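Chain by chain, the residues run as shown.
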Protein chains: 2
Amino acid sequence: MTEENMGCSCNLIHEEIVDMVKKEMPAEEILYDLAELFKVFGDTTRVKILYALFAAEMCVCDIASLLGMTQSAISHQLRVLKQARLVKNRRDGKVMYYSLDDEHIKHIFDQGLLHINEK
Amino acid sequence: MTEENMGCSCNLIHEEIVDMVKKEMPAEEILYDLAELFKVFGDTTRVKILYALFAAEMCVCDIASLLGMTQSAISHQLRVLKQARLVKNRRDGKVMYYSLDDEHIKHIFDQGLLHINEK
DNA sequence: TGAACATATGAACAATCATTCATATATGAC
DNA sequence: GTCATATATGAATGATTGTTCATATGTTCA
């Protein structure tokens, strides 16, 4: 498939730049997964849940209580976080404990905060 | 406002943990901005644009050509990226050049890739 | 001035998403 | 077994969002 140049015909970019971009750009599937991961971080409730779990393992109702939200809303979001492999859970009797399942999250958040606090 | 414990009454969390979370959790406004930033990263088109700009400054039609998308779609997304202060632009005659406006992006993407490639 | 070109933008539409509500599942106590 | 509790989940709803289409803005050149 040739790259169509829709709407303009300037094509200012150098051939070597095009090659560089295509070499550095991850595969379509990776890009999709990457965007999907950031989409998970793109919701205040989920960010709050993750910040809570930075401090300690918690059960669903603890998180709900801490954030002042319903058990259902938290449970739905924990499912999203679990599917993204960002949290894991273990059952202890009736209680389901959730905890972090990734060491990169804090780092990613810190970098995000750096951007926000810039300028 | 008291934190209501909706739907359950287990309250397993220790008082000291609650204090720790509240101490570590950024202010509501910061959390909102953080989620908003990641929301910007949460779209394949925008991720591709940023990867393209990692290589070099480019004009709108170059990016459109490179990604095989319409000028309008790219222009709309560049506006989102600009509002998030992730890209900047300069005009040269008829042509508008876009480039990165933040050094954290690459780092954040790399951390995201680390998570994806895990396990 | 007017034509050609590069980009921006508003409205519309389909798709996605977060929360709520009602209810189902799972465990422990009795 | 029944009851109470902790969590999960499906459907519904309102809100947000990415792209398209048509058109407007801004620049260069003749």
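Conventions adopted
Residues numbered from 1 in each chain as written. Chains lettered and ligands numbered in written order. Predicted model: local features only at pLDDT ≥ 70, side-chain atom pairs only at ≥ 80, totals over all residues. Heavy atoms only, no water. Near = heavy atom within 4 Å. Polar contact = N/O pair within 3.5 Å; in protein donor to acceptor, adjacent residues only side chain to side chain. Helix = DSSP H or I, 4+ residues; strand = E, 2+ residues; numbered from the N terminus. Nonpolar A, V, L, I, M, F, W, Y, C, P; charged D, E, K, R; others polar. Phe/Tyr/Trp six-rings, centres within 6.5 Å; stacked < 30°, edge-to-face > 60°. Buried < 20%, exposed > 50% of the residue type's maximum accessible area, 1.4 Å probe, protein only. Lys NZ or Arg CZ within 6 Å of the ring centre and 35° of its normal. Least-squares fit on C-alpha atoms with pLDDT ≥ 70 in both. Contact = heavy atoms within 4.5 Å.

Points about the protein's contact with DNA strand D
In step 1: Near DNA strand D you find 28 residues, and of these Ser72 and Tyr98 of chain A together with Thr45, Arg46 and Ser72 of chain B are the closest.
In step 2: Contact distances for DNA strand D include 2.8 Å between a base nitrogen and a side-chain N or O atom of Gln71 of chain A.
In step 3: In the environment of DNA strand D, a phosphate oxygen lies 3.3 Å from a nitrogen or oxygen atom belonging to the backbone of Met96 of chain A.
In step 4: When residues of the surface near DNA strand D are traced back to their parent elements, those giving at least two are helix H4 (60-67), helix H5 (71-83) and strand E3 (95-100) of chain A together with helix H3 (44-55) and helix H5 (71-83) of chain B.
In step 5: Here the surface near DNA strand D gets five residues from one element, more than from any other, and that element is H5 of chain A.
In step 6: For the surface near DNA strand D, the per-class residue count stands at 10 nonpolar, 11 polar and seven charged.

A word on the packing of aromatic side chains
In step 1: Applying the stated criterion across every chain yields a total of 15 aromatic pairs over all chains.
In step 2: When the ring of Phe109 of chain A is compared with that of Phe38 of chain B, the centres are 5.6 Å apart and the planes differ by 35°; the resulting orientation is tilted. Of this pair, Phe109 of chain A sits in helix H6 (residues 104-116) while Phe38 of chain B sits in helix H2 (residues 28-41), each in a different chain.
In step 3: You can call Phe109 of chain A buried: its relative accessible area is 0%.
In step 4: The class for Phe38 of chain B is buried, based on a relative accessible area of 0%.
In step 5: Counting every residue linked through ring pairs, the aromatic cluster contains Phe38, Phe41, Tyr51, Phe54 and Phe109 of chain A together with Phe38, Phe41, Tyr51, Phe54 and Phe109 of chain B.
In step 6: Over the aromatic face of Phe54 of chain A sits the side chain of Lys106 of chain A, whose NZ or CZ is 5.7 Å from the ring centroid.

Topic: the relation of the copies chain A and chain B
In step 1: With an RMSD of 0.0 Å, the operation that places chain A on chain B is a rotation of 180° combined with a shift of 0.0 Å along the axis. Between the two chains, the operation in question is that of a two-fold axis.
In step 2: By residue overlap, the copies meet face to face through one surface: 100% of the interface positions of chain A are interface positions in chain B.

This is a description of form; function is not addressed.
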